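Single-letter residue listing:
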Amino acid sequence: MSFIPEGDVYRLITQNRKGYFDAKKGVIPMGSISARFAAYMDMGKEIDTQLLRLAELEAAAGNTGSASFDSVGRAAGSHADRTGRLAAVIVDLETQIREMVAEETAERRELEKILSVTSGGRFLLKPDEKAVLRCRFFDRITLEETAEVLGISVSSCKNYAKDAFRKLEEKYNGSEV
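What you see is a predicted model; the values in this text were computed from it and never measured.

## Concerning the packing of aromatic side chains
Okay, so step 1: By the definition in use, this model includes five aromatic pairs.
Okay, so step 2: Measuring from ring centre to ring centre gives 5.8 Å for phenylalanine 137 and phenylalanine 165, while their planes differ by 70 degrees; the resulting arrangement is edge-to-face. Of this pair, phenylalanine 137 sits in helix H3 (residues 127–138) while phenylalanine 165 sits in helix H5 (residues 154–172); the two residues are 28 residues apart in sequence, bridging distant segments of the chain. Here phenylalanine 137 and phenylalanine 165 have matching classes, each one buried.
Okay, so step 3: Taken together, Phe37, Tyr40, Phe137, Phe138 and Phe165 form an aromatic cluster joined through their ring pairs.
Okay, so step 4: Taking the ring centre of phenylalanine 123 as reference, the NZ or CZ of lysine 130 above it sits at 4.0 Å.

What follows is the structure, encoded as structure tokens:
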């Protein structure tokens with residue numbers, strides 16, 4: 001599980017997908033739309049964190065490019081051993097990051113399908129509602145930045161997001177999405 005600090009809120013994602021915990025709202029069922037979007041946003045933050053970690057490890061190993069240390073000697077000695085261990089950690093981390101990116105990409109496709117859901121031959125969400133959710137969760141920009149990009153007020157952003165989640169939650173009526 002991971003704790004994500006966000007102002008005075010700590011978000012907790014559980015591995016067993018029981019729920020998404022928000023200190024202000026309590027536990028939100030993982031099947032809820034808002035929890036899926038929040039979890040998606042946290043996936044991106046985790047990827048960013050791991051990319052920073054990778055850059056630090058590569059710098060520590062004296063490598064500016066990819067972690068292809070095939071030519072690094074494994075002779076006895078602390079420097080060679082440390083370099084070999086760092087190379088192995090870097091290769092493992094690169095693999096983990098690729099897997100996380102693939103998972104994030106698949107989840108984004110699913111969330112895009114949810115945003116494009118129709119009801120009675122018409123899109124369920126208004127274009128502005130979809131735009132706010134895309135900016136906030138896919139682009140991971142703040143409410144203020146979202147308002148500026150879309151040319152609307154911050155309170156309108158909040159209302160669009162709230163209305164979009166309400167419509168989607170009603171559409172799926174608590175069913176696992």
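Okay, back to it.
## Things to note about the confidence of the model for the protein chain
When pLDDT drops low, the exact placement of atoms in the prediction is not to be read closely.
Okay, so step 1: When pLDDT is averaged along the protein chain, the result is 80, and 70% of the positions lie at 70 or above.
Okay, so step 2: Ignoring residues within four places in sequence, the model shows residues 1–23, a span with pLDDT below 50, making 54 contacts including any to other chains.
Okay, so step 3: A low-confidence stretch, residues 64–75 (pLDDT under 50), is modelled with 17 contacts involving residues beyond four sequence positions or located in other chains.

## Some points on the side chain of glutamate 129
Okay, so step 1: Summarising the element assignment, glutamate 129 is placed in helix H3.
Okay, so step 2: A polar contact is formed between the side chain of glutamate 129 and the side chain of lysine 167, at a distance of 3.0 Å.
Okay, so step 3: Not counting residues within four places of it along the chain, the set of residues in contact with glutamate 129 comprises Tyr160, Asp163, Ala164 and Lys167.

## A few points about the environment of lysine 171
Okay, so step 1: As for its placement among the helices and strands, lysine 171 is situated in helix H5.
Okay, so step 2: Residue lysine 171 is classed as partly exposed on the basis of its relative accessible area of 39%.
Okay, so step 3: Separated by 53 residues in the primary sequence, lysine 171 and threonine 118 have C-alpha atoms spaced 9.6 Å apart.
Okay, so step 4: When residues no more than four places from it in sequence are discounted, the contact partners of lysine 171 are Val117, Thr118 and Leu124.
Okay, so step 5: Of note is the side chain of lysine 171, whose polar atom sits 3.5 Å from the backbone oxygen of threonine 118.

## Describing the side chain of serine 32
Okay, so step 1: Topologically, serine 32 is positioned in the loop between strand S4 (26–29) and helix H1 (33–61).
Okay, so step 2: A distance of 3.3 Å separates the side chain of serine 32 from the backbone nitrogen of alanine 35, its partner in a polar contact.

## Points about the packing of H1 against H3
Okay, so step 1: Where H1 contacts H3, the axes come no closer than 9 Å and their chain directions differ by 40 degrees. One way to sum up the angle between H1 and H3 is to call them oblique. Contacts between H1 and H3 involve Phe37, Ala38, Tyr40 and Met41 on the former and, on the latter, Leu133, Arg136, Phe137 and Phe138.
Okay, so step 2: When grouped by side-chain class, the residues that make up the contact of H1 with H3 number seven nonpolar, no polar and one charged.

Conventions and cut-offs
- Once a new chain begins, its residue numbering starts again from 1 and follows that chain's sequence as written.
- Given that this is a predicted model, residues contribute local features only at a pLDDT of at least 70 and side-chain atom pairs are listed and counted only at 80 or more, while totals for whole chains, interfaces and linings are drawn from all residues.
- Water and hydrogen atoms play no part in the side-chain values, which are based on all heavy atoms of the structure.
- By convention, a stacked pair of Phe, Tyr or Trp rings (six-membered ring in the case of Trp) has centres within 6.5 Å and planes under 30 degrees apart, an edge-to-face pair has planes over 60 apart, and any other such pair is tilted.
- Secondary structure elements follow DSSP: runs of H or I of four or more residues count as helices, runs of E of two or more count as strands, with numbering from the N terminus.
- Only protein chains enter the accessibility calculation, which uses a 1.4 Å probe; a residue is then buried when its area is under 20% of its type maximum, exposed when over 50%, and partly exposed in between.
- By the criterion adopted, a ring carries a charge over it if an Arg CZ or a Lys NZ lies within 6 Å of its centre and within 35 degrees of its normal.
- Known as pLDDT, the predictor's confidence for each residue is given on a scale from 0 to 100.
- Working rule for contacts: check all heavy atoms of both residues, and any pair within 4.5 Å makes them a contact.
- N or O atoms within 3.5 Å of each other form a polar contact, as long as, within protein, one can give a hydrogen and the other can take it, and as long as residues adjacent in sequence are counted only when both atoms are side-chain atoms.
- With axes taken as lines fitted to C-alpha atoms, and helix axes fitted only over the stretch in contact, angles between N-to-C directions fall between 0 and 180 degrees.
- Orientation labels follow simple angle bins: below 35 degrees gives roughly parallel, above 145 gives roughly antiparallel, 65 to 115 gives roughly perpendicular, and whatever is left gives oblique.
- Polar here means any residue other than Ala, Val, Leu, Ile, Met, Phe, Trp, Tyr, Cys and Pro, which are nonpolar, and Asp, Glu, Lys and Arg, which are charged; Gly is therefore polar.

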